[in-house]
Amino acid sequence: MPHRTLIAAHRGGLFLWPENSARAFSESARLAVEQAECDVHLSADGEVIVMHDATLDRTTDTRGPVAALTAAELSRVRVRGTAGEAPPTLAEYLAILAPTPVAPRVEIKVGADNRPHPGIVPKVMQALDASGQRARSWIIGFQADTMAEALRAGGLAGVAWLSELSTLRDIGLDGIIAVAKQHGFPEIGVTEGVIDAEFLARCRAAGLGVGTWGANHAPSIRRMLEIGVDIFATDDPPLAIAMRDGAA
């Protein structure tokens, strides 16, 4: 069977809809993508909230850290570009995907202090279990210790450790492969610009899958499809689907 690169709607497909919004996930869940990627933080009272940044400043009508407000206070925040939507909770995001073939891909972020949110992994797992979607969900993130905790929790479709360009520069691909193998991560993720056929071959030889983000326009989407990465998260999922499935 020929290799099929999977597509994830990055933050729900932010070229088309307000990122990480209920609307974005509702729209992307109707597409022929395999996964819809979101980002999560904890509220002040321990609710898992879908938001990319550690602060509300960029994408909502409110300022300050996500973690400074309770879930009730966050329910009164409005996401820019929506018809008055609040930032979704993880449970709400999961409820949107539950009746569809589109699987969750949840990136666990750090707080405004650049430290992991205490206890976020068990909270995420509880939400996945409550929605009955743990077995088809991927957990991804840049903190190896947090990803290792998710891997130990078990029962997931997979865990991917993401690497910043600075990490790649500091320890090289050999170092990234070594860390991934040490923890038992099945997949690593890097930005699309650093991936070429040799990069992919070295990861595959080590038994690692490769995911990426940043393939948002035709040239980069085509390159990721031709190289054959395992999955890429894109801001323009309809374009990626059309290019992969032969309509463009």
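Residues numbered from 1 in each chain as written. Predicted model: local features only at pLDDT ≥ 70, side-chain atom pairs only at ≥ 80, totals over all residues. Heavy atoms only, no water.

Per an unreviewed UniProt entry, the protein is named Glycerophosphodiester phosphodiesterase, and its organism is Falsiroseomonas algicola.

It is worth spelling out helix α9 (residues 237–244) at this point. Among the eight residues that make up α9, six are buried, leaving the element largely enclosed by the rest of the structure. Regarding α9, the residues found buried are P237, A240, I241, A242, M243 and R244. Looking at the packing, one finds that the buried side of α9 touches β1 (6–9), α8 (218–227) and β9 (231–234). Count one or two residues on from α9 and you reach G246, which has phi positive near 90°. (Buried < 20%, exposed > 50% of the residue type's maximum accessible area, 1.4 Å probe, protein only. Helix = DSSP H or I, 4+ residues; strand = E, 2+ residues; numbered from the N terminus. Contact = heavy atoms within 4.5 Å.)

Before going further, it helps to spend a moment on the pairing of β1. In the sheet, β1 pairs with β9 via four bridges, with the strands oriented parallel. Across the sheet, the residue bridging to A8 is A233, located in β9. Here β1 pairs with strand β2 (residues 35–42) via two bridges, running parallel. Within β2, the position partnered with A8 by the bridge is Q35. (Pairing = 2+ DSSP bridges.)

Sequence positions flagged by UniProt for "domain: GP-PDE" (unreviewed entry) are, in local numbering, residues 5–244. With 36% helix and 18% strand, the stretch residues 5–244 has end C-alpha atoms that lie 8 Å from each other. (UniProt positions renumbered as here; feature names shortened; annotations may be inferred.)

In this section: helix α3 (residues 90–97). All buried positions along α3 are accounted for by L90, Y93, L94, I96 and L97. Projected down its long axis, α3 carries its buried residues within an arc of 155°, all on one side. Tucked inside the fold, the buried residues of α3 contact α1 (22–28), β2, β3 (48–50), β4 (103–108) and α4 (120–131). (Arc of directions from axis to C-beta.)

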